[in-house]
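# Analysis of the macromolecular model
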Amino acid sequence: MFNFVFWVLAIWFVVNVVWMWFKLDDQKLQKTFAWINVCAIVIGFWVYYSVTHDASAIDGWFIAMNWANIVVAALQFYFGYKNMTNVHHNTHHAMG
C-alpha cells in the first residue's frame, strides 16, 4: 500500500504542478486543485505515518513530496482566491 500510494501521489503531483503552471489565470481550476491537494496531503501523511513500511529508497521522497505538496496547495489557494479578495476589498472601499 505504501508504494502504491506513493506512486499515485507522485503522478498526481507532476500532473498537478504542470497543469497549475500553464493555467495560473484559471481561478476555478486553481481552487479545485488546491482542495484536491488538501485531500492528497491528508492521505499522504496518513499513509506515511500510519501504514507499516520498511525503510526504503522512496521513504524520504514520500515525505518530501508531502511537504512539497503543501507548498503547491498554498500557491494554488493564493492564485485561486487572490482576485476575489481584491475585488471584495475594492468594492468595500468604493461603497464606504
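Refer to the preceding data block for the structure.
Now for a look at the structure at hand. (Residues numbered from 1 in each chain as written. Predicted model: local features only at pLDDT ≥ 70, side-chain atom pairs only at ≥ 80, totals over all residues. Heavy atoms only, no water.)

One simple way to see leftover space: roll a probe sized like a water molecule over the atoms. Applying the stated rule across the entire model yields one cavity of 30 Å³ or more. Tallying contributions element by element places helix H3 (residues 57–95) first for the lining of the largest cavity, with three residues. Taken together, the residues of the lining of the largest cavity break down into four nonpolar, two polar and no charged. (1 Å grid on protein atoms, 1.4 Å probe; cavity = no way out; pocket = protein on both sides within 12 Å on 5 of 7 lines; lining within 4 Å. Points joined across faces, edges and corners; volume = space filled by probe spheres on them. Helix = DSSP H or I, 4+ residues; strand = E, 2+ residues; numbered from the N terminus. Nonpolar A, V, L, I, M, F, W, Y, C, P; charged D, E, K, R; others polar.)

The tally for this structure, following the rule as stated, stands at 13 aromatic pairs. A centroid spacing of 5.2 Å and a plane angle of 75° characterise the contact between Trp-12 and Phe-33, whose relative ring orientation is edge-to-face. Of this pair, Trp-12 sits in helix H1 (residues 2–22) while Phe-33 sits in helix H2 (residues 27–50), and the two are 21 residues apart along the sequence. An identical accessibility class is assigned to Trp-12 and Phe-33; each is buried. Ring geometry for Tyr-48 versus Phe-62: centroids 5.8 Å apart, planes at 50°, classification tilted. On the criterion of sequence distance, the pair formed by Tyr-48 in helix H2 and Phe-62 in helix H3 is long-range, its members being 14 residues apart. Over the face of the ring belonging to Tyr-81 we find Lys-31, whose NZ or CZ atom lies 5.1 Å from the ring centre. (Phe/Tyr/Trp six-rings, centres within 6.5 Å; stacked < 30°, edge-to-face > 60°. Buried < 20%, exposed > 50% of the residue type's maximum accessible area, 1.4 Å probe, protein only. Lys NZ or Arg CZ within 6 Å of the ring centre and 35° of its normal.)

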